[in-house]
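Summary of structural features
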Amino acid sequence: MGAAVRQPWPQADVLGHRARMTPDATALVVVEPELRLTFAELDARAERCARLWTETLGLEKGDRVGILAHNRVEYLEAFFAAGKTGIVLVTLGTRLTTPELEHVVGDCGPKALMVDCALALTASPLRDRIEHWIDLDGQPAAGEHAVDYRVATAALDGAPEWRATPCDGEDVYCLLYTSGTTGKPKGVMIPHRQVIWNGFVTACGWQLRSDDVTPIFTPLYHAGGLFAFMVPMVMAGGTVVLHGGFDAAEVWRTFELEGCTVALGVPTIWKLLLEAPEIEEVDLSRVRWLISGGAPLPAYVVEAYQRRGIPFKQGFGMTEAGVNCFAMTVEDSVRKPGSIGRPLMFTEARLVDDDGADVRDDEVGELWLRGPHVCLGYWNNEGATADAFAPGGWLRTGDQARRDADGFFYVAGRRKDMLISGGVNVYPAEIEAVLVRHPGVEDSAVVGVPDSRWGEAGIAFVVRRAGGDGTEEVDANALAAFLGEHLARYKIPKDFRFVDALPRTPYGKVVKGQLRDAYVEEHREGAADDG
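Sequence order as written defines the numbering, with residues in each chain counted from 1. Local features in a predicted model are, by the rule used here, given only for residues with pLDDT of at least 70; side-chain atom pairs are given and counted only at 80 or more, and totals for whole chains, interfaces and linings are based on all residues. Neither water nor hydrogens contribute to the side-chain values; these are computed over all heavy atoms in the structure.

Some thoughts on the overall build of the protein
Heads up, the rule is: Strands are runs of DSSP state E lasting at least 2 residues, helices are runs of H or I lasting at least 4, and numbering of each runs from the N terminus. For this measure, only C-alpha atoms enter the radius of gyration; the expected value for a globule follows 2.2 Å times N^0.38, where N is the number of residues. When accessible area is computed with a 1.4 Å probe and restricted to protein chains, residues below 20% of their type maximum are described as buried, those above 50% as exposed, and intermediate ones as partly exposed.
Summing up its helical and strand segments, the protein has 16 helices and 26 strands in all. For the protein, whose C-alpha radius of gyration is 24 Å, the value lies close to the compact-globule estimate of 24 Å for 531 residues. Once the C-alpha set of the protein is aligned to its principal axes, its extents read approximately 75 × 60 × 55 Å. Counting the 531 residues in the protein, one finds 55% classified as buried.

This is how it looks when you write it as structure tokens:
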């Protein structure tokens, strides 16, 4: 018998492979400015971006290129160019302040920065730290040494045959910085392997098809925008409809005009779409199902869509684990309300206690994940990487969950959000899910604060639902009584604070640390005044 030959992991030139298979199929529809591209056309644009990096600017495999831009076709060109060159794309949040951008740039040291003109003012203090400033809009204000992206890539049209730079599956494809709701943002190293596996298992597990059409209105700098549907849809050969941002009326028009079949959103977006008047008249006959992720989803939102005959699922994922980790059928989404489904193919999932021992069915434990879709760790941060991974390669997600006897998982909330009141574990997500079922509540968040008697106590921040029907606004007593009908007494918050809105990250997660700090500071000042 001859010696076995080990086959290397392929690089994640996902678009290049799809363009080779179905070059003339529609890959992308940009809503504004209107643009339609086949897979071959989009791939050619990504190749010109790759040539700009490597031939014009002299960048090499492993160099970093940052991109600070809203959703636009050039974002996809840059993303897929990274898969062809081994150059690491660093996606920068469009809501970051200049100091926050300076932290990221200082951490990863990009040699080039691609900038949307709408964000150039915020980024301008970085000019002296960036070797190549690539202006995506050809604005004169960019300066004489800036590269005009459109002109530079157009000059490469019709150039001789170009070959991709060989990459290994473990080479870093992109750096996605965490939202930084606690501490400084960390750069998650996404390897080529992870891009491929996330796309593969999502396309298979969610049963995506070549005739599927999905709108993307979540930001592309986030893992959800890039990996929840965009890469898997390219894997399946379907069509992506790209919005510059979120506008409920525009999104519903897109559903009808483009015949959207599947869509991902965060709870806040699904609530806004539910409340938009356009939902009463839009034709949603081609929709196969909708899915929510990124934050806990109120049950009433699911029920509202299901009453319209639209299958609605919940998903679970995180940047470090490839965004998509669980799946369920449409039938199971009705049979198992509140569940995120079963682990996807090639995904191992454990629920463990504080000692790392597996818990039994229907007991809450920390969710650990392992599989080929998990990241490499954090850029320049060995300590954070060591903290995130347990022996054997298990990723500690920091999420609390339980598993039923049928193998379906249910998220209880973030481990760091859990509070211990009188020695008993209390999960804010459970309280929040009940609060938003009250007809007078629009939104809610529960945080734990120090308490001299119980150790920790829950504080509920509540956004009242807009009235107009003559009913009185809900108050703390009414909410406490309502919770008492559904939850044990020890879970009822000791205080209710009514606010106009909850602070959220761009992807819909409540910034609970901000709420907690404000409450603690307010009471500290009150105690000082009393003294």
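Regarding the sheet that holds strand β1 (residues 26-30)
Hydrogen bonds between backbone groups are what pair the strands of a sheet, and the pairing can be parallel or antiparallel. Keep this limit in mind: When DSSP finds two or more bridges between two strands, those strands count as paired. For helices, the axis comes from a line fit to the C-alpha atoms of the stretch in contact; other axes are also lines fit to C-alpha atoms, and the angle between any two N-to-C directions lies between 0 and 180 degrees. Note on definitions: a residue-residue contact is assigned when non-hydrogen atoms from the two residues lie within 4.5 Å.
In space, the four strands of this open sheet follow the order β2-β1-β11-β10, with mixed pairing throughout. The open sheet has two free edges, formed respectively by β2 (35-38) and β10 (213-216), since each of these has just one partner strand. Across the sheet, the mean angle from the axis of one strand to that of its neighbour is 15 degrees, orientation sign disregarded. Taken together, the three bridges between β1 and strand β11 (residues 239-242) define a ladder with parallel strand orientation. Each residue of the ladder has a partner; that of L28, found in β11, is V240. Packing of helix α3 (residues 73-85) onto the sheet brings it into contact with β1, β2 and β11, and relative to β1 it is tilted by some 140 degrees.

Notes on the packing of aromatic side chains
Applied cut-off: Ring geometry is summarised as follows: Phe, Tyr and Trp rings, the Trp one being its six-membered ring, pair when their centres sit within 6.5 Å, and such pairs are stacked at plane angles under 30 degrees, edge-to-face over 60 and tilted between the two. Two conditions define a charge sitting above a ring: the NZ of Lys or the CZ of Arg must be within 6 Å of the ring centre, and it must be within 35 degrees of the ring normal.
On inspection of all chains with the given rule, the structure shows 17 aromatic pairs. Note on W206 and F229: the rings are 5.4 Å apart at their centroids and 75 degrees apart in plane angle, and the pair reads as edge-to-face. Here F229 lies in helix α8 (residues 223-236) and W206 lies in the loop between α7 (192-205) and β10, a separation of 23 residues in the sequence. Grouping residues by exposure puts W206 and F229 together as buried. Ring plane angle 25 degrees and centroid distance 6.1 Å describe the contact between F229 and W289, whose orientation is recorded as stacked. Residue F229 is located in helix α8, and its partner W289 is located in strand β13 (residues 289-292); the two are separated by 60 residues in the primary sequence. In this structure F229 comes out as buried when scored by relative accessible area, which is 2%. Taken together, F79, F80, Y173 and F227 form an aromatic cluster joined through their ring pairs. For K313, the ring lying beneath its charged end belongs to W289, and the centroid distance is 4.3 Å. Lying across the ring of F498, R464 places its NZ or CZ 3.7 Å from the centre.

Section: the environment of V301
With respect to the helices, strands and loops of the structure, V301 is situated in helix α11 (residues 299-307). Remark: the alpha-carbon pair of V301 and T268, spanning 33 residues in sequence, is separated by 9.9 Å. Ignoring any residue separated from it by four or fewer positions in sequence, one finds V301 in contact with W270, K271 and L274.

Comments concerning the nonpolar core
The cut-off we apply is this: The definition of a nonpolar core used throughout is a set of buried Ala, Val, Leu, Ile, Met, Phe, Trp, Tyr and Cys residues joined through side-chain atoms within 4.5 Å.
Among the nonpolar cores identified, the biggest contains 91 residues, and W53, F80, M114 and F227 are the most heavily contacted of them. Not counting residues within four places of it along the chain, the set of residues in contact with F80 comprises L15, L42, A46, Y173, M230 and V234. In terms of nonpolar packing, the next biggest core, distinct from the first, is built from 43 residues, F255, C260, L290 and L435 among them.

Describing α3
The condition is simple: Residue count minus one, scaled by 1.5 Å, sets the expected span of a helix.
Over its 13 residues, α3 extends 19 Å from the first C-alpha to the last, a length consistent with the 18 Å expected when each residue adds 1.5 Å. Of all 13 residues in α3, 13 are buried, a share of seventy percent or more. In the stretch just after α3, G86 is the one whose phi turns positive, near 80 degrees.

Some details on the packing of α3 against α8
Rule in force here: Comment on the angle field: the value is read as roughly parallel under 35 degrees, roughly antiparallel over 145, roughly perpendicular from 65 to 115, and oblique elsewhere. Each residue receives one of three labels: charged for Asp, Glu, Lys and Arg, nonpolar for Ala, Val, Leu, Ile, Met, Phe, Trp, Tyr, Cys and Pro, and polar for the others, Gly being one of them.
Two elements in contact, α3 and α8, have axes whose closest approach is 13 Å; the angle formed by their N-to-C orientations is 75 degrees. The angle between α3 and α8 falls in the class roughly perpendicular. From α3, L76, F79 and F80 reach across to α8, where they touch L226, F227, M230, V231 and V234. Residues belonging to the contact of α3 with α8 are distributed by class as follows: eight nonpolar, no polar and no charged.

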